[in-house]
Amino acid sequence: MDANELLIFNKGNELVHQNFIPKLDIKSEKIEEILPKNLIRDELRIPDVSEVEIVRHYIKLSKINYGVDSGIYPLGSCTMKYNPKINEIVARMTSFSKVHPLQDENEGALEILYEISQMLGEITGMDGFTLQPAAGAHGELVGLLIIKKFFETRGIVKNKIIIPDSAHGTNPASAKMAGFSIIELQSNKYGEVPLDHLEYALEQGDVAGIMLTNPNTLGVFDRQIKDITRIVHEHGGLCYYDGANLNPMLGICRPKDMGFDIVHLNLHKTFSTPHGGGGPGSGPVGVTNELIPFLPIPCILSTDKGLVCDYENHESIGRIKAFWGNFSIILRAYVYILSLGGNGLKRVGQIAVLNANYLKTLLKKKYHLPYDRICQHEFVLSDKYLPNDITTEDIAKRILDYGFYAPTIYFPLVVNGALMVEPTETESKDSLDKFVEVMNQIRDEALNEPEKLKKAPLNTPVGRLDAVNAARKPILHD
Ligand SMILES: Cc1ncc(COP(=O)(O)O)c(C=O)c1O
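Cut-off values and rules
- Residues numbered from 1 in each chain as written.
- Predicted model: local features only at pLDDT ≥ 70, side-chain atom pairs only at ≥ 80, totals over all residues.
- Heavy atoms only, no water.
- Near = heavy atom within 4 Å.
- Polar contact = N/O pair within 3.5 Å; in protein donor to acceptor, adjacent residues only side chain to side chain.
- Areas by Shrake-Rupley, 256 points an atom, 1.4 Å probe, with all protein chains shown as cover.
- Helix = DSSP H or I, 4+ residues; strand = E, 2+ residues; numbered from the N terminus.
- Nonpolar A, V, L, I, M, F, W, Y, C, P; charged D, E, K, R; others polar.
- Patch = residues over 30% accessible without salt bridge, like charges linked within 9 Å, V, L, I, M, F, W, Y side chains within 5 Å.
- Salt bridge = Lys/Arg side-chain N within 4 Å of Asp/Glu carboxyl O.
- Buried < 20%, exposed > 50% of the residue type's maximum accessible area, 1.4 Å probe, protein only.
- Contact = heavy atoms within 4.5 Å.
- Phe/Tyr/Trp six-rings, centres within 6.5 Å; stacked < 30°, edge-to-face > 60°.
- Domains from an automatic or database assignment.
- Pairing = 2+ DSSP bridges.
- Axes fitted to C-alpha atoms, helices over the stretch in contact; angles between N-to-C directions.

S.K.: Help me out: how do you make sense of the site of the ligand in this one?
M.R.: Around the ligand sit 14 residues in total, of which G136, A137, D242, H268 and K269 are the nearest. Take S77: an N or O atom from its main chain is 2.9 Å from an oxygen atom of the ligand. Between the ligand and N266, the relevant distance is 3.0 Å, taken from an oxygen atom to a side-chain nitrogen or oxygen of the residue. In the complex, the protein chains occlude 84% of the 390 Å² of accessible area that the ligand would expose alone. Of all the secondary structure elements, the ones that give two or more residues to the shell around the ligand are α6 (136-153) and α10 (267-270). It is α6 that contributes the most residues to the shell around the ligand, three residues altogether. Looking at the shell around the ligand residue by residue, the classes come out as three nonpolar, eight polar and three charged.

Right, here's the structure in full:
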């Protein structure tokens, strides 16, 4: 593999376009007479390359890339499952890809949006959904604005939110953006919320509620979850469920039944849609009946006259995204849910948990597992006890040399030197065993050939980068 592939603009001959522009065989017109001056360019930078050169260029680039179609992608907290191609086929059908929200006839699209809202309601137990949020964190912001408005309309001032330290990092960021201050709760030795600390925090006053990531970023399901929601409600707070990690719970249990008032989902994790690299995503928010009036507008209502868009929700927090959200992502999730059905979704959750526990049980023989208990969709190892000062970063870089994507590193922050592994249900036993084999081999190298790990990756197009400078001062061209 060669990472020094030239940009397509730096390929080909001089920019004379002789390869692909056919000779003019119609009457020529003066461009200045057709277009205003400000729209005319002096130069058109189109590389002079043939079709085969273009195809080879992009095929070469695609081979340097790594994705879920290449192999296991155990990036904890991201649920990088395989995306069935049927989702893509449907999303590309012109009846969907060419539809525009401003056209007169949109009933088919509205029906899909309405139906998936109903399906998500059935999956989570919630009574109403908005599909507008474009990502999980966007959903969090919406949920928190709903909490805010709920109290404001009752003339109550509550500006604090409780967030456990095992929450996803976007939770405190979203709470801050929505104008709340954060009370952080330290998890106990099981990775769960200590109920006495929760009660103490609630007694400080002005607490609007709790934001709970469950299963949390340690892959742990909080066994006292019903007590948590009961206690928060008893103190007049609302309970927000970060449901981005819903994968292991599909068809098994539901946030509303656990006592939650609001939930957001990450369609781009649980419901199989290509993501990574920043989007696009979809973070629908579901609420109980009491909070439906606060949902963003417009809402789709089912009436005697069919589906109608309702803009009259006066208590609504307003519009939070143009039109209906990322329709093509919602559509992929719709196809995924329909093609699996209820039993299929339940099986997804069960196998995700089985795969994670299988990997965890094998890997803990050679790696430190700080929270040693049955996990859900993911688990967290650490670099504690690795020989020769080998760090999590060294391990992750060496994994790349063996042709796999690395787990998430240094997150969650509650574990020093964290290595967060989420295999998902779409990996076979064979694929999991190969990953374990590589991890064991790397553990042996840590002991016997540590310099290899310190210099890794050795076989990738680009070697070890200065991670801070690569992120802050990227050089994207020569
Ligand atoms: C538990 C959890 N909450 C929230 C988010 C934020 O989602 P997004 O990246 O779509 O904003 C993620 C992202 O993976 C997550 O894992």
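S.K.: Where do I start with a nonpolar patch on the surface in this structure?
M.R.: A contiguous nonpolar surface patch, about 370 Å² in accessible area, is contributed by I31, I34, L35 and L39. Structurally, the position occupied by I34 is in helix α1 (residues 31-34). Overall, I34 belongs to the exposed group, its relative accessible area being 53%.

S.K.: For this particular structure, what's the right way to read the environment of V348?
M.R.: Tracing the backbone shows V348 in helix α11 (residues 327-363). Leaving out residues up to four positions away in the same chain, V348 has contacts with K81, N247, L250, Y336, L340 and E425.

S.K.: Would you explain the packing of aromatic side chains in this entry?
M.R.: A full pass over the atoms with the stated rule returns nine aromatic pairs. Note on F96 and F327: the rings are 6.5 Å apart at their centroids and 50° apart in plane angle, and the pair reads as tilted. You can see F96 sitting in helix α4 (residues 94-97) and its partner F327 sitting in helix α11, a full 231 residues away along the chain. Note on F327: relative accessible area 17%, which makes it buried. Look at F150 and F294: their rings are 6.1 Å apart centre to centre, the planes differ by 75°, and that puts the pair in the edge-to-face class. Note that F150 is positioned in helix α6 and F294 in the loop between β7 (285-287) and β8 (299-303), a separation of 144 residues in sequence. Considered together, F150 and F294 belong to a single accessibility category, that of buried residues.

S.K.: Quick question: what am I supposed to make of the domain arrangement of the chain here?
M.R.: The parts lose accessible area when they come together, and the size of an interface is often stated as this lost area. Taken domain by domain, the chain consists of domain 1 (8-64), domain 2 (86-339) and domain 3 (348-472). A C-alpha centroid distance of 46 Å is found between domain 1 and domain 2.

S.K.: I keep staring at the pairing of strand β10 (residues 379-382) and nothing clicks. Help me out?
M.R.: Looking along a regular strand, one sees side chains alternate from face to face of the sheet. On β10, burial covers both faces: F379 and L381 on one face and V380 and S382 on the other are all buried. The sheet contact formed by β10 and strand β12 (residues 418-421) spans four bridges and is antiparallel. Counterpart to F379 in the pairing with β12 is V421.

S.K.: Looking at this structure, I do not really get the sheet that holds strand β1 (residues 128-130). What am I missing?
M.R.: The pairing of strands in a sheet happens through backbone hydrogen bonds and is either parallel or antiparallel. Ordered in space as β1-β7-β6-β5-β4-β2-β3, the seven strands form an open sheet in which the pairing is mixed. Both outer strands of the open sheet, β1 and β3 (181-185), are each paired with one neighbouring strand and no more. Each strand axis lies, on average, 20° off the axis of its neighbour in the sheet, ignoring direction. By the bridge criterion, four bridges tie strand β5 (residues 238-243) to strand β6 (residues 262-265) in an arrangement that is parallel. Among the inter-strand pairings, G243 is bridged to a residue of β6, identified as L265. Sitting on the sheet, helix α8 (residues 195-202) is in contact with β2 (160-164), β3 and β4 (207-213), with an inclination near 155° to β3.

S.K.: Quick question: what am I supposed to make of the pattern of salt bridges here?
M.R.: Once their charged atoms are close, side chains differing in charge can pair, the charge on each being opposite to the other. Scanning the entire structure with this criterion turns up 19 salt bridges. Notably, a salt bridge pairs E88 with R332, separated by 2.9 Å at the nearest N-O pair. Here R332 lies in helix α11 and E88 lies in helix α3 (residues 85-91), a separation of 244 residues in the sequence. Taking the relative accessible area as the measure of exposure, E88 reaches 11% and is therefore buried. Exposure remark for R332: the relative accessible area of 10% places this residue in the buried category. Between D401 and R398 there is a salt bridge, with its nearest N and O atoms 2.7 Å apart. With D401 and R398 both in helix α12 (residues 392-401) and three residues apart, this pair spans about one turn of that helix. Within this structure, E88, R92 and R332 form a network of salt bridges that share partners.

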